[in-house]
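Listed here are the chains, written in short residue letters.
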Amino acid sequence: MNRSEKAVKCFCSGCNCAQAVFTAFCKELKLEEKTGLKIACPLGGGLGHTDGVCGAVSGALLTIGLKYGTENQENEDQKVRNYKIAQEFITKKKKRNGSVNCTELIRFDLSDESQLNLARQSGVFQTTCPKYVSDAVEILESIL
């Protein structure tokens, strides 16, 4: 099973989109998967159902930070490199999917309880979101 398939399987088995993308890279980055699940948990569904960035994007950005992030304020070059990689990911994700905003992608505002219920009833989490998870992993793999 490749990393993209692993992420989709994780998502389809109950993890959110941020968890699915981030944990697909945890082993390689020497982070326990359980810890990765905890770290990414509040970022799913558009930053915790707040009409924000898609969780698959958030999970990818966490991965970039874990791999390329700086450990101190004095390493400005590393920080700039990290930002450039994040920008490259976001540019490619927007090009492939049209947006990085959860509401724009799934056409439901998860910060609104009635919209969240409609999203659940529509099946968007089973039909649409797995592609966004898979795409995030594929784009991230091409960058890393």
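Residues numbered from 1 in each chain as written. Predicted model: local features only at pLDDT ≥ 70, side-chain atom pairs only at ≥ 80, totals over all residues. Heavy atoms only, no water.

Draft legend 1. Region of the structure containing the environment of Thr23. Tracing the backbone through its elements, the reader meets Thr23 in helix α2 (residues 17-26). Distance in space between the C-alpha atoms of Thr23 and Arg3 is 9.6 Å, their sequence separation being 20 residues. (Helix = DSSP H or I, 4+ residues; strand = E, 2+ residues; numbered from the N terminus.)

Draft legend 2. Up close: the nonpolar core. Grouped together as the largest cluster of nonpolar side chains are 36 residues, with contacts concentrated most on Val21, Phe89, Ile106, Leu110, Phe125 and Val133. Among the elements of the structure, α1 (3-12), α2, α5 (55-68), α6 (76-97), α7 (102-106), α8 (113-122), α9 (124-127) and α10 (129-143) are those that each provide at least two residues to this core. Examining the composition of this core, we find that 8 residues originate from one element, α10, more than from any other. With sequence-adjacent residues up to four places away left out, Phe125 is seen in contact with Phe11, Ile106, Leu110, Leu116, Ala119, Arg120 and Pro130. (Core = buried A, V, L, I, M, F, W, Y, C linked by side-chain atoms within 4.5 Å. Buried < 20%, exposed > 50% of the residue type's maximum accessible area, 1.4 Å probe, protein only. Contact = heavy atoms within 4.5 Å.)

Draft legend 3. Just the packing of α2 against α5, in detail. The interhelical angle for the contact between α2 and α5, taken along N-to-C directions, is 30°, at an axis separation of 6 Å. Overall, the two elements α2 and α5 adopt an arrangement that is roughly parallel. Considering how the two elements wind past one another, α2 and α5 form a crossing that is right-handed. Across the interface between the two elements, Cys17, Ala18, Val21, Phe22 and Phe25 from α2 touch Gly55, Ala56, Gly59, Ala60, Leu62, Thr63 and Leu66 from α5. Taken together, the residues of the contact of α2 with α5 break down into 9 nonpolar, 3 polar and no charged. (Axes fitted to C-alpha atoms, helices over the stretch in contact; angles between N-to-C directions. Parallel < 35°, antiparallel > 145°, perpendicular 65-115°, else oblique. Left-handed = near helix turned anticlockwise from the far one by under 90°. Nonpolar A, V, L, I, M, F, W, Y, C, P; charged D, E, K, R; others polar.)

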